[in-house]
Amino acid sequence: MSLPPRPVAFLDLKAQQARIAPALRSRLEAVLGHCQFVLGPEVAELEARLAAFCGAAHCVGLSSGTDALQIAMMAAGIGPGCAVFLPAFTYTATAEVPLVLGATPVFVDVDPRTFQIDPVHLQARIEAVRRENRLRPAAIVGVDLFGQPAPWPELRRIAGDAGLFLLDDCAQSFGGSLGGARLGREADATAISFFPSKPLGGYGDGGALLTDDADRARLYRSLRSHGEGETRYEVLRTGMNGRLDTLQAAVLLAKLDVFERELARREEIACAYDSGLAAAGADRLLLPQRVPGGGSAWAVYAVLLPGPDARDALQAALRASGVPTAIYYPRPLHLQPAYRPHHDGAPLPVSEALSGRILALPMHPELDAADVRHVVDSVLASL
Ligand SMILES: *Cc1c(COP(=O)(O)O)cnc(C)c1O
């Protein structure tokens, strides 16, 4: 059974734009006035504000979250022969970057309820790679999935014991927290993304790296500008064109002014979903489990169904009620055609099962109380 339709937006960038229009326009006009489109003053201003937001010492604005991951790995010397440990249940970019650099991704399973990388399996995977002695364990990428923090204390202990570079793929989760501290200082470096659909999204591609290490930050600035040295035409190392555009920085400065309020609104919506959907019963619908001590940026509010048939049936019924949903991720990375040949065949049963059971409900700050009510009622009527 489905409720009479009421169209709900999965993401509503137009409504957000209307809310911040005056600030946005004056920011954009400032850039059109000075015409410093590459590394203009807005980039440095945004870097300072992002660093202050999470308490990191340095922030380097970059062309995308993917390029942020790549520059962090290039600076850490990741290349051929290196094993990079990362979760199988994440966005493709996490695994793509080590392969682009000639390194090998080693897929790790995730927790069945928080969807974050499983530290016990990670430890076993590192030991197996050591025993096999074909690849050199070099780095761990912890992904803060869906807005929540990865298990950072465990990841730091494992990386410290094994002497591995620890990178936080926080592309989805800037604004999330752990132990009351905003994400951005949990690892050696933290990569964030400003893809339009992320909690802090621009109007195009963009990203940044956060770090407390001044030498790393200097290297990131060099690598984003073709490996330049003290002067622009001194090339010290092989880099890339990986800078954040001034226009994107201007958009993000306007959005940063309302970001805290938007995060609070996302939390309110998540709480309303939690209390409304509890009536379904845990045998029919599992609600997102909060990471202990964590705060979520609620990039995604994902529920679990008992299996693929129930998931697909709910998705179809919700569509008929005007409620769009999405599946993150329909296939774990080790089963993707591009990555399968690089996978060592280790079983990753949790990641595989989640792909058949997970469903993301609309989650953005423009949802009003009636939208949330309609989503809840539609889910309860459809189960
Ligand atoms: C979005 C995303 C990226 C890539 O960010 P882009 O800015 O789109 O390049 C990397 N990792 C994760 C987990 C993401 O969700």
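Because the structure is predicted, anything quoted here is derived from the model rather than measured. (Residues numbered from 1 in each chain as written. Predicted model: local features only at pLDDT ≥ 70, side-chain atom pairs only at ≥ 80, totals over all residues. Heavy atoms only, no water.)

**Student:** Quick rundown of the overall build of the protein? Include the residues and the values.
**Tutor:** Within the protein, the regular secondary structure consists of 12 helices and 12 strands. Its C-alpha atoms give the protein a radius of gyration of 21 Å, within 12% of the compact-globule value 21 Å for 383 residues. Within the protein, the proportion of its 383 residues that are buried is 55%. Of the contacts formed within the protein by residues at least 6 apart in sequence, a portion of 72% connects residues at least 24 apart. Surface accessibility of the protein: about 15,400 Å² in total, with carbon and sulfur atoms responsible for 54%. Treating the 36 positive side-chain charges of the protein as one cloud and the 42 negative ones as another, the clouds have centres 2 Å apart. (Helix = DSSP H or I, 4+ residues; strand = E, 2+ residues; numbered from the N terminus. Rg over C-alpha atoms; globule rule 2.2 N^0.38 Å. Buried < 20%, exposed > 50% of the residue type's maximum accessible area, 1.4 Å probe, protein only. Contact = heavy atoms within 4.5 Å. Areas by Shrake-Rupley, 256 points an atom, 1.4 Å probe, with all protein chains shown as cover. Lys, Arg positive; Asp, Glu negative; His and termini not counted. Charge placed at Lys NZ, Arg CZ, Asp CG, Glu CD.)

**Student:** Got a sec to walk through the pattern of salt bridges? Specific residues and values, please.
**Tutor:** A complete count under the given rule lists 20 salt bridges for this structure. Residue Arg290 pairs with Asp274 through a salt bridge whose shortest N-O separation is 2.6 Å. Placement of Arg290 in the loop between helix H9 (246-277) and strand E10 (294-295) and of Asp274 in helix H9 is noted, with a sequence separation of 16 residues between them. Among the residues examined, Arg290 registers a relative accessible area of 31% and is labelled partly exposed. When its relative accessible area of 16% is taken as the criterion, Asp274 is described as buried. One network of salt bridges, with partners in common, ties together Arg6, Asp368 and Asp371. (Salt bridge = Lys/Arg side-chain N within 4 Å of Asp/Glu carboxyl O.)

**Student:** Could you give an account of the nonpolar core, naming the residues involved and the relevant values?
**Tutor:** By size, the foremost hydrophobic cluster in this structure holds 47 residues, and its most contacted members are Phe89, Phe115, Phe146 and Leu209. Take this core: its biggest share by element is five residues, from helix H4 (residues 65-75). Three or more residues apiece are contributed to this core by two domains, here domain 1 (16-256) and domain 2 (259-382). Excluding its chain neighbours within four sequence positions, the residues that come into contact with Phe115 are Phe89, Val110, Leu145, Phe146, Ala302, Leu304, Leu354 and Ile358. Core analysis: the second largest hydrophobic core is formed by 43 residues, Ala83, Ile117, Ile192 and Leu253 among them. (Core = buried A, V, L, I, M, F, W, Y, C linked by side-chain atoms within 4.5 Å. Domains from an automatic or database assignment.)

**Student:** Summarise the site of the ligand; cite the residues concerned and give the values.
**Tutor:** In the vicinity of the ligand there are 15 residues, among which Gly65, Thr66, Asp169, Ser193 and Lys198 approach most closely. Between the ligand and Thr66 there is a distance of 2.5 Å, counted from an oxygen atom to a side-chain nitrogen or oxygen. At 2.8 Å, a side-chain N or O of Asp169 approaches a nitrogen atom of the ligand. Starting from 380 Å² of accessible surface for the ligand in isolation, the protein chains cover 94%. In this structure, the ligand is accommodated by the largest pocket. (Near = heavy atom within 4 Å. Polar contact = N/O pair within 3.5 Å; in protein donor to acceptor, adjacent residues only side chain to side chain. 1 Å grid on protein atoms, 1.4 Å probe; cavity = no way out; pocket = protein on both sides within 12 Å on 5 of 7 lines; lining within 4 Å. Sits in = over half its atoms within 2 Å of the grid points.)

**Student:** How would you summarise the domain arrangement of the protein if you had to cite specific residues and measurements?
**Tutor:** Taken domain by domain, the protein holds domain 1 (16-256) and domain 2 (259-382). A straight line from the C-alpha centre of domain 1 to that of domain 2 covers 24 Å. Facing the 46 residues of domain 1 at the interface are 41 residues of domain 2. Buried surface at the junction of domain 1 and domain 2, both sides included, amounts to about 3,600 Å², of which 59% is carbon and sulfur. When the buried surface of domain 1 facing domain 2 is broken down by residue, Phe89, Arg113 and Phe146 rank first, second and third, together holding 20% of it. Connecting domain 1 to domain 2 are four salt bridges. A salt bridge links Glu262 to Arg19, with the shortest nitrogen-to-oxygen separation between them at 2.6 Å. Counting across the interface, domain 1 meets domain 2 through 20 residue pairs in polar contact (both at pLDDT 80 or more). When contributions to the side of domain 1 that touches domain 2 are tallied by element, the ones reaching two or more residues are helix H1 (13-19), helix H5 (93-100), strand E3 (104-108), helix H6 (119-132), strand E6 (177-178) and H9. Of all the elements, E3 adds the most residues to the side of domain 1 that touches domain 2, at five residues. (Buried area = accessible area lost by both parts, 1.4 Å probe.)

**Student:** Can you break down empty space enclosed by the protein residue by residue, with the values?
**Tutor:** Using the criterion set out here, one finds three cavities of 30 Å³ or more in the structure. Roughly 90 Å³ of internal volume is contained in the largest cavity. Residue lining of the largest cavity: 14 residues in total, with Leu11, Leu13, Gln16, Arg266 and Pro365 positioned closest to the centre. Among the secondary structure elements, those contributing two or more residues to the lining of the largest cavity are H1 and H9. (Points joined across faces, edges and corners; volume = space filled by probe spheres on them.)

**Student:** Account for a nonpolar patch on the surface, with residues named and values stated.
**Tutor:** On the surface, Leu32, Phe37, Val38, Leu39 and Leu247 cluster together to form a nonpolar patch covering roughly 420 Å² of accessible area. Considering the arrangement of structural elements, one finds Leu39 in the loop between helix H2 (21-34) and helix H3 (41-54). (Patch = residues over 30% accessible without salt bridge, like charges linked within 9 Å, V, L, I, M, F, W, Y side chains within 5 Å.)

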